[in-house]
Protein chains: 2
Amino acid sequence: MPANEKPANEKSPIEVTAFAWVPPFARGFVRDLRVRWALEEIGLPYRVRLIGGAGGTPFGPPRPENYLVEQPFGQLPVYKEGALCLFESGAIVLHIAERHAGLLPDDASAKARAIAWMFAAKSTVEPPIVDIGAAAREEGDKPWHEARRPILEDRVRERLAQLSRRLGDADWLDDGFTAGDLMMVTVLRRLGSSGLLQEHPNLAAYVARGEARPAHQRAFAAQLAVFNNASSAG
Amino acid sequence: MPANEKPANEKSPIEVTAFAWVPPFARGFVRDLRVRWALEEIGLPYRVRLIGGAGGTPFGPPRPENYLVEQPFGQLPVYKEGALCLFESGAIVLHIAERHAGLLPDDASAKARAIAWMFAAKSTVEPPIVDIGAAAREEGDKPWHEARRPILEDRVRERLAQLSRRLGDADWLDDGFTAGDLMMVTVLRRLGSSGLLQEHPNLAAYVARGEARPAHQRAFAAQLAVFNNASSAG
């Protein structure tokens, strides 16, 4: 029994798909972290289904046969709960947040704004951040790679400056921690050691504040435990 | 009184922000179309607040003073309803769909899947499509622009192939038209004359099916009417 599957969790109706192996740089950043974090904030137990294996990559095969039936774009994570099979981390976190107190405000307007931050994280802030990694991975050997890097970084800088201005000296994007912050923190964490986040001390502190939440720490440790177990086994 | 603001709409508590002017290639593609379409599907009247003016661009100034208070990233549209001020087209469409029948299934699992398609449209399918336009706009004069074009197109092709496989010969992504289809159709429409959509006849038919809905036609006509009025005035 893998260390990340506690006995209490094996009976949970909730199953989250995670990778059995990813390269070291991706550990702690795979998107099942968002779903684990949301479940930990609420205190919902879950099972983990590991897919792929040592030698796989987070960006390609191997995937289980028929995985595209569960996730039409071949991405992670997939969330199962009874007959429901759900994809897209934003939709999964929203599904969890809608059904359990703790991740969305009761007030209808505040709730709508929290959901707006979820979409902003996924569709406005994340794409230019993902582009930096994609360019390094897919165009790192091209003659234009070095010349494009400042262009890509400036696209991220524009979004970070806007987000920093909005956050100001507040702890969270709205009145208290919400699923919007959960999504935004996991998006910003992807900037890793690029130094871009550190250009805005309030955003760096915001991410640190999110990472310090006990639920995040448990989710992070659970994702890493999979890879540590895989390493010790390999 | 602009032609797009019918008397019946002026008393609506709902206000949608739209551009007073965009270059011809962007007409019919500005993101307030999504919100107009959702409101038309349900039959909710709305007011339009026009911002910017002739000579402005959809990608930069002019914006009204303090616009970032309403929309932290300076984008369009902004949605107002009483005291609620909401941004991100996905969040706005979801807010409307949650409160009125017609855009989300009643069944909880089917509803969660429809929302998953909304996130998939915005965060998985749209970014590589937007990248093609952004590259032309921001890197069109760079020596690498022509060489990168096939790379960018292949990123879109991967998503289209996956989406085409999932759609198959169905009319909509799930059992009936939902807000997920509304978002996906508006995302795919951005491929315009690139020819990429036509590589998958089922996707081209899917987009045509969405565009043929009377609610889409009314929304499209209402967005275009703003620019036609601006042209005749200028």
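Structure shown above.
Residues numbered from 1 in each chain as written. Chains lettered and ligands numbered in written order. Predicted model: local features only at pLDDT ≥ 70, side-chain atom pairs only at ≥ 80, totals over all residues. Heavy atoms only, no water.

**Observations concerning the interface of chain A and chain B**
Chain A puts 47 residues into the contact, and the matching count from chain B is 48 residues. Between chain A and chain B we count six salt bridges in total. Note that Arg-155 of chain A is salt-bridged to Glu-139 of chain B, the shortest N-O span being 2.7 Å. Where chain A touches chain B, the interface holds 18 residue pairs in polar contact (both at pLDDT 80 or more). Only α3 (67-70), β4 (84-87), α4 (89-99), α5 (108-139) and α6 (145-167) of chain A provide two or more residues apiece to the side of chain A that touches chain B. Tallying contributions element by element places α5 of chain A first for the side of chain A that touches chain B, with 19 residues. Class assignment for the residues of the side of chain A that touches chain B results in 25 nonpolar, seven polar and 15 charged. (Contact = heavy atoms within 4.5 Å. Salt bridge = Lys/Arg side-chain N within 4 Å of Asp/Glu carboxyl O. Polar contact = N/O pair within 3.5 Å; in protein donor to acceptor, adjacent residues only side chain to side chain. Helix = DSSP H or I, 4+ residues; strand = E, 2+ residues; numbered from the N terminus. Nonpolar A, V, L, I, M, F, W, Y, C, P; charged D, E, K, R; others polar.)

**Things to note about the environment of Trp-144 of chain B**
As for its placement among the helices and strands, Trp-144 of chain B is situated in the loop between α5 (108-139) and α6 (145-167). Relative accessible area serves as the criterion here: at 9%, Trp-144 of chain B is assigned to the buried category. Taking C-alpha positions, Trp-144 of chain B is 15 Å from Asp-131 of chain B, a pair spaced 13 residues apart along the chain. Discounting residues that sit within four places of it in the chain, Trp-144 of chain B has contacts with Trp-144, Ala-147, Arg-148 and Ile-151 of chain A together with Glu-139 of chain B. (Buried < 20%, exposed > 50% of the residue type's maximum accessible area, 1.4 Å probe, protein only.)

**Considering the packing of helix α2 (residues 32-42) of chain B against helix α7 (residues 179-189) of chain B**
Residues and elements named next belong to chain B. At their nearest, the axes of α2 and α7 sit 10 Å apart, and the two run at 145 degrees to each other. Here the hand of the crossing between α2 and α7 comes out right-handed. Seen from α2, the contacting residues are Leu-33, Arg-34, Trp-37 and Ala-38; seen from α7, they are Leu-182, Met-183, Val-185, Thr-186, Val-187 and Arg-189. Of the residues in the contact of α2 with α7, the class split is seven nonpolar, one polar and two charged. (Axes fitted to C-alpha atoms, helices over the stretch in contact; angles between N-to-C directions. Left-handed = near helix turned anticlockwise from the far one by under 90°.)

**A closer look at the sheet that holds β4 of chain A**
Residues and elements named next belong to chain A. Taken in spatial order, the four strands line up as β2-β1-β3-β4 in an open sheet, and their pairing is mixed. Looking along the sheet, the strands with just one partner apiece sit at the ends: β2 (47-51) and β4. When strand polarity is set aside, the average angle formed by the axes of neighbouring strands in this sheet is 25 degrees. Pairing analysis gives three bridges linking strand β1 (residues 14-19) to strand β3 (residues 78-81), with the strands arranged antiparallel. Looking at the pairing, Ile-14 lines up with Glu-81 of β3. Each of β1, β2 and β3 is contacted by helix α2 (residues 32-42), which is oriented at about 145 degrees to β1, the strand it contacts most. (Pairing = 2+ DSSP bridges.)

**Details of the pattern of salt bridges**
Any two side chains of opposite charge can pair, on the condition that their charged atoms come close. Residue and element names in this part refer to chain A. Evaluation of the coordinates by the stated rule reveals 44 salt bridges over all chains. Residue Arg-47 pairs with Glu-15 through a salt bridge whose shortest N-O separation is 3.0 Å. Placement of Arg-47 in strand β2 and of Glu-15 in strand β1 is noted, with a sequence separation of 32 residues between them. On the basis of relative accessibility, which here comes to 24%, the residue Arg-47 falls in the partly exposed class. We note a salt bridge from Glu-211 to Arg-189, for which the minimum N-O separation is 2.6 Å. Of this pair, Glu-211 sits in helix α8 (residues 201-211) while Arg-189 sits in helix α7 (residues 179-189), and the two are 22 residues apart along the sequence. In this structure Arg-189 comes out as buried when scored by relative accessible area, which is 7%.

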